[in-house]
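# A structural walkthrough
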Amino acid sequence: MGSQGGFYQSKEFLDLVKSIGEARSKAEEDRIVLSEIETLKRRISEPDIPKRKMKEYIIRLVYVEMLGHDASFGYIHAVKMTHDDSLLVKRTGYLAVTLFLNEDHDLIILIVNTIQKDLKSDNYLVVCAALNVVCKLINEETIPAMLPQVVELLVHPKEAVRKKAIMALHRFYHKSPSSVSHLVSNFRKVHIMWLHLFQRLCDNDPGVMGATLCPLFDLITKDVNSYKDLVISFVSILKQVAERRLPKAYDYHQMPAPFIQIKLLKILALLGSGDKQASEDMYTVVGDIFRKCDSSSNIGNAVLYECICCVSSIYPNPKLLESAADVISRFLKSDSHNLKYMGIDALSRLIKISPEIAEQHQLAVIDCLEDPDDTLKRKTFELLYKMTKSTNVEVIVDRMIDYMIRINDNHYKTEIASRCVELAEQFAPSNQWFIQTMNKVFEHAGDLVNIKVAHNLMRLIAEGFGEDDDTADSQLRSSAVESYLRILGEPKLPSVFLRVICWVLGEYGTADGKFSASYITGKLCDVAEAYSNDETVKAYAVTALMKIYAFEIASGKKVDMLPECQTLMEELLASHSTDLQQRAYELQVVIGLDAHAVDCIMPSDASCEDIEVDKGLSFLDGYIQESIEKGAQPYIPESERSGILNISNFRNQDHNEASSHSLRFEAYELPKPTMQSRIPPASLASTELVPVPEPMYPRESYQTPVPSVSLDAGSSELKLRLDGVQKKWGRPTYSPATSTSNSTLQKTVNGITQVDGASTSNSRTRETYDSRKPQIEISPEKQKLAASLFGGSSKTEKRPAAVHKISKASSHVMEKSHVPKYSMEVASEKTASVQQPPDLLDLGEPTVTSTSPLVDPFKQLEGLLDTTQVASAVNHGSIAAIESPDMMTLYADTPAAIRNSDLLSGLSNPSIINMPGDTTTTQPMQSSKGPNLKDSLERDALVRQMGVTPSSQNPNLFKDLLG
Amino acid sequence: MGIRFILMVNKQGQTRLAQYYEWLTLEERRALEGEIVRKCLARTEQQCSFVEHRNYKIVYRRYASLFFLVGVDNDENELAILEFIHLLVETMDRHFGNVCELDIMFHLEKAHFMLEEMVMNGSVVETSKANILTPIQLMDKAS
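About the cut-offs
- Residues numbered from 1 in each chain as written.
- Chains lettered and ligands numbered in written order.
- Predicted model: local features only at pLDDT ≥ 70, side-chain atom pairs only at ≥ 80, totals over all residues.
- Heavy atoms only, no water.
- UniProt positions renumbered as here; feature names shortened; annotations may be inferred.
- Helix = DSSP H or I, 4+ residues; strand = E, 2+ residues; numbered from the N terminus.
- Buried < 20%, exposed > 50% of the residue type's maximum accessible area, 1.4 Å probe, protein only.
- Contact = heavy atoms within 4.5 Å.
- Areas by Shrake-Rupley, 256 points an atom, 1.4 Å probe, with all protein chains shown as cover.
- Expected span 1.5 Å × (residues − 1).
- Axes fitted to C-alpha atoms, helices over the stretch in contact; angles between N-to-C directions.
- Parallel < 35°, antiparallel > 145°, perpendicular 65-115°, else oblique.
- Left-handed = near helix turned anticlockwise from the far one by under 90°.
- Nonpolar A, V, L, I, M, F, W, Y, C, P; charged D, E, K, R; others polar.
- Pairing = 2+ DSSP bridges.
- pLDDT = per-residue confidence, 0-100.
- Phe/Tyr/Trp six-rings, centres within 6.5 Å; stacked < 30°, edge-to-face > 60°.
- Lys NZ or Arg CZ within 6 Å of the ring centre and 35° of its normal.
- Salt bridge = Lys/Arg side-chain N within 4 Å of Asp/Glu carboxyl O.
- Buried area = accessible area lost by both parts, 1.4 Å probe.
- Polar contact = N/O pair within 3.5 Å; in protein donor to acceptor, adjacent residues only side chain to side chain.

- Per an unreviewed UniProt entry, chain B goes by AP complex subunit sigma and derives from Durio zibethinus.
- UniProt lists a comment for chain B under the heading Subcellular location (unreviewed entry), and it reads "Endomembrane system".
- The annotation that UniProt attaches to chain B under Sequence similarities (unreviewed entry) is "Belongs to the adaptor complexes small subunit family."

- The name that an unreviewed UniProt entry assigns to chain A is AP-4 complex subunit epsilon, with the source organism given as Durio zibethinus.
- In its Subcellular location (unreviewed entry) section, UniProt records this for chain A: "Endomembrane system".
- The Function (unreviewed entry) field of the UniProt record for chain A holds the comment "Subunit of novel type of clathrin- or non-clathrin-associated protein coat involved in targeting proteins from the trans-Golgi network (TGN) to the endosomal-lysosomal system."

Here you go:
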């Protein structure tokens, strides 16, 4: 236990922590916490609780919430504690408030005043504490109350305050970019706030400068062009950092300020993207970092990785690309999975610029693909996804589907399914293959893919190759029908897939004469029966039945309805779903019509025909004229009517919002142009069904009852029509689910209301495919795979393989030499206890506990308190020695010139370069660890006082984290 | 925003510290922690220290009995986060001396204070151990 002074803890608290620490199961932990909640509820509202006691209660509340239980009964006490004068108590209160509340909590209003007061405090630590809370709990509404003070604090004498003030502005910017730029008056077109930021970029404290990079990064991400003039500054800062001009306190494992370097590289990547001139300014410094970086440490590799990201983003430079490629190959050949992962990621970035680099690493990539580690595998799939071409699409998509079938994680399954679809749509070598691939995707992830994908598939089958090759088209359809009839045998198919199947069977089931109408209708009835609780599927099945019967009638055959079909119809005629009922009635009517009428309503294979829609309903003109002459009121368009429409519109909107907010605190926002309202499919279906009896009755013109609904659906249809065409063969523009309305599909299927079934846009551009199949060779499987993925020849492959093996071995040796450094992270639990370094004090050892029974625990407790005081006194003494009130002296080991001179101007001063070669960073740490009498005494005492016998209960609690 | 949350969880899956940089309800946090911990604890030492989970990427590192898990956005430098965890542990070690799970449990607020200095708005803002620990030492002294 380090210093305990001030952080007073009662026996009760120690007991609580002890029992939580020793809890063996979640249930036991829950029991402890529940009884703790009872205790706290009783105690916390007692009058006159001493401050320290209260602080402890609040921390106990934090425990309660951290372990997953509600502590809202105590929130108000945490809020009250923020008003306290004592810094420690106040800060604990602030901490608890940030952990308990979100920015929209009602209690926030009670601390706004306190924060404002604290921002003005003379004690800079109080200001910092307040700024911490500002960064977490200030919402759009309260920003104006804080902003002026925060802006003032940007020039506070304490660097810690300046740094936090910048982060507070960063937060404001995130919460409401507009309100910030509004409030900071537009002064000669430069926002004062950002002017301050640029000044802070030149702050002589590296911490402040580093923090400034956070908001700048976000600003630059949004608007690159306004910040191009800063390239030189960033480059110069990065150069100084890399040349070790910063105080050594920022070194991490002998790397100069690596986190700042990484942030700067990220910014440069943005600024140099597509800008040759800006990129040229960066080449030297990035090249320097490539050369200087310590590639044996994790942090060095982190910086190198960031360099690769930067190089692959800025205007390409052959030399830098070469360095990047070297680092990538080292990552990929490493034994560390972490480095392999980074290597694969880096490769997928670089591959855009130099595609040939992938070939050198094909075997390493395949190793990663076949690795049992899921993370690595997924990353590799990401790489493959980026390097897919028409020559390797089959192999890659097959692999992806295999993997998709094996995993259970729905989130990732959705992602990989949509990628398969995207690649298949983009690069499919043949429609046959496309349909087979889609079948697989639908079969295994049907409910996870976007409904549009199903729509596209149906369209493809309906439109065929689009090359006026009718035989090929009908072959395609027959093969689709056959494959679907086969697949129908499988149990539990996804709903979306079943819809596709029903539609295709309805349209083309009997088209080639291979299957009889009764066979197909039987299958469709089976579907409707097997998935009887899925109304959409049933609707599709009924409409498909209607089509089959209509085609039969139209071709002059006599229709005999199967008995199971009749039962189904009877059931549906009485269905609760108006949609199903409607379809069933339609079917009944259609069957009763003569061949000619049926052929007019339901022409065979006409899903691609355009249907002229008379939007103005001109055929009714005569009727209207007649009515008006008879004295009827003329029609008043909706826009000219007042009141009624607006109200219904309003209600709709209201309803949407009510589900997300209970009360609104923020200002009313401007109306959005398009509203993505989710309409329950049932209501949609019913609106659609209204026009059914009369095919010329387009829905758009029949919109009085629910205007917003039909408008919305209409627009999404329009969008979809365009999407479908582009997506099939075009650029990778596939976007995941924007709206999931079922309306479009129902339309297509509902044979009668095929207003916009599938548009016959023939403007499809097709790429010329290299139909070359992956070459099959009599070499190991991996090489085969490599060949099909990378298209390389087998002769050139063998050599890299050998090189790979050798370097693998050598890098293994290299890795081994670093083991001591990272022993902690790799050492398993067992080996850790066995290989425990002798100089480390570990109370888990039985030798310590053996002495404990001899000592009276109460005496020991007193002793503990004593030692703590002594210990803390000693601690403080030692701290005071190195720490005078002025924090700048903390950098006592830094040459004064650096601290005081401007960072940028420091560059010109050659006398400062005395940092390199100083490798003492880890030394002081070492010396602070190890056998320490005071520590051991304290901990020993504590253990006994708590009655913990580490070996039996939970020895891990005492295990040093850093071995 | 790079870092979305920081968790310390022991081998039994019990949370020892949780700090979120975006608001999640108690139930969401509980569910998320359960899922992540199950995922990470099941992994072997040879596997990557990174796991994808929903929209997060989790970078984790184990020290003795304690797992440090950091949830980050997709475009974050994973290796750097891994080293950030190490820096955090080194900082705690400097303050507590041979830091162990129990130190964090007894001084939960101090561990939080250190994080408050190191990370703001989900970005790493301070990496100098002296700067991180100064406020805590001053508070120790003052009270």
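After that view, the rundown keeps rolling.
## Regarding the overall build of chain A
- In terms of helices and strands, chain A carries 46 helices and two strands.
- The buried share of chain A, reckoned over its 963 residues, is 53%.
- Restricting the contact set of chain A to residue pairs at least 6 apart, pairs at least 24 apart contribute 71%.
- Within the structure as shown, chain A displays about 44700 Å² of accessible surface, and the carbon and sulfur contribution to it stands at 55%.

## A look at helix 3 (residues 51-66) of chain A
All names here are of chain A.
- Helix length check: helix 3, at 16 residues, gives a terminal C-alpha distance of 22 Å against a target of 22 Å (1.5 Å per residue), a fit within 8%.
- Along helix 3, 14 of the 16 residues are buried, which leaves the element largely enclosed by surrounding structure.
- Trailing helix 3 by a residue or two, G68 shows a phi angle of about 90 degrees, which is positive.

## Some remarks on the packing of helix 13 (residues 231-242) of chain A against helix 15 (residues 276-292) of chain A
Residue and element names in this part refer to chain A.
- As a packed pair, helix 13 and helix 15 sit with axes 10 Å apart at the nearest point and diverge in direction by 10 degrees. Taken as axis vectors, helix 13 and helix 15 run roughly parallel relative to one another. In this structure, the crossing between helix 13 and helix 15 has a hand that is left-handed. On helix 15, the residues that touch V231, I232, V235, L238, K239 and A242 of helix 13 are A278, D281, M282, V285, I289 and K292.
- When the residues that make up the contact of helix 13 with helix 15 are grouped by side-chain class, the tally is nine nonpolar, no polar and three charged.

## Things to note about the packing of helix 28 (residues 517-530) of chain A against helix 30 (residues 563-573) of chain A
Residue and element names in this part refer to chain A.
- Two elements in contact, helix 28 and helix 30, have axes separated by 9 Å at closest approach and are oriented at 40 degrees. With respect to each other, helix 28 and helix 30 are oriented oblique. Where helix 28 crosses over helix 30, the two elements pack in a sense that is left-handed. Contacts from G522, C525, D526 and A528 in helix 28 reach E564, C565 and L568 in helix 30.
- Of the residues that constitute the contact of helix 28 with helix 30, the class distribution is four nonpolar, one polar and two charged.

## Looking at the sheet that holds strand 1 (residues 3-10) of chain B
Residues and elements named next belong to chain B.
- Pairing is antiparallel across the open sheet formed by five strands, whose spatial order is 2-1-5-4-3. Because the sheet does not close on itself, it has two edges, and the strands there are strand 2 (15-20) and strand 3 (50-53). For this sheet, the mean angle separating the axes of adjacent strands, direction not counted, is 20 degrees.
- One ladder, built from seven bridges, connects strand 1 with strand 5 (residues 66-72); its direction is antiparallel.

## Looking at the confidence of the model for chain A
Residues and elements named next belong to chain A.
- Residue-level pLDDT values for chain A average 73, and 65% of them are 70 or greater.
- A low-confidence stretch, residues 650-663 stays under pLDDT 50, and its non-local contacts, those more than four residues away or across chains, total seven contacts.
- Segment residues 793-931: pLDDT under 50, and 167 contacts once partners within four positions in sequence are set aside and those in other chains are kept.

## Remarks on the packing of aromatic side chains
- Here the structure, examined in full by the defined rule, presents 14 aromatic pairs over all chains.
- Between F13 of chain A and Y63 of chain A, the ring centres sit 6.5 Å apart and the planes meet at 65 degrees, which makes this aromatic pair edge-to-face. Placement of the pair is F13 of chain A in helix 1 (residues 11-22) and Y63 of chain A in helix 3, with a sequence separation of 50 residues. For the pair shown, F13 of chain A and Y63 of chain A are each scored as buried.
- Geometry around F73 of chain A places K41 of chain A over its ring, the cationic atom sitting 5.4 Å from the centre.
- The aromatic ring of Y21 of chain B is capped on one face by K136 of chain A, whose charged end is 4.9 Å from the ring centroid.

## With respect to the pairing of strand 3 of chain B
All names here are of chain B.
- Side-chain alternation along strand 3 places F50 and E52 on one buried face and V51 and H53 on a second face that is also buried.
- Sheet topology note: the strand 3/strand 4 (residues 56-63) ladder contains four bridges and is antiparallel. In the strand pairing of strand 4, E52 is matched with K57.
- Once strand 3 ends, the chain turns through two residues before running back antiparallel as strand 4, passing R54 with a positive phi of about 50 degrees.

## Overview of the pattern of salt bridges
- Across all of its chains, the model carries 49 salt bridges over all chains by this definition.
- One salt bridge in this structure joins R60 of chain A and E56 of chain A, with 3.1 Å as the shortest N-O distance. One end of the pair is R60 of chain A and the other is E56 of chain A, both in helix 3 and four residues apart, which spans about a single turn. Note on accessibility: R60 of chain A and E56 of chain A belong to one class, buried.
- Here E90 of chain B and K129 of chain B are joined by a salt bridge, their closest N and O atoms 3.0 Å apart. On the criterion of sequence distance, the pair formed by E90 of chain B in helix 2 (residues 78-96) and K129 of chain B in helix 5 (residues 129-142) is long-range, its members being 39 residues apart. Summarising the burial analysis for this pair, E90 of chain B and K129 of chain B share the class buried.
- Through salt bridges with shared partners, a single network forms among E12, E36, R43, K53, E56 and R60 of chain A.

## Describing the interface of chain B and chain A
- With 89 residues of chain B in contact, the opposing surface of chain A contributes 112 residues.
- The contact between chain B and chain A buries some 9000 Å² in all, and 56% of this surface belongs to carbon and sulfur atoms.
- A per-residue breakdown of the area chain B buries against chain A is headed by L79, N98 and F106 of chain B, which together make up 8% of the total.
- Across the contact surface, chain B and chain A share eight salt bridges.
- The shortest N-O distance in the salt bridge between E116 of chain B and R91 of chain A comes to 2.9 Å.
- Counting the contacts that link chain B with chain A gives 32 residue pairs in polar contact (both at pLDDT 80 or more).
- For the side of chain B that touches chain A, the element with the most residues is helix 2 of chain B, which contributes 14 residues.
- Of the residues assigned to the side of chain B that touches chain A, the class counts are 35 nonpolar, 24 polar and 30 charged.

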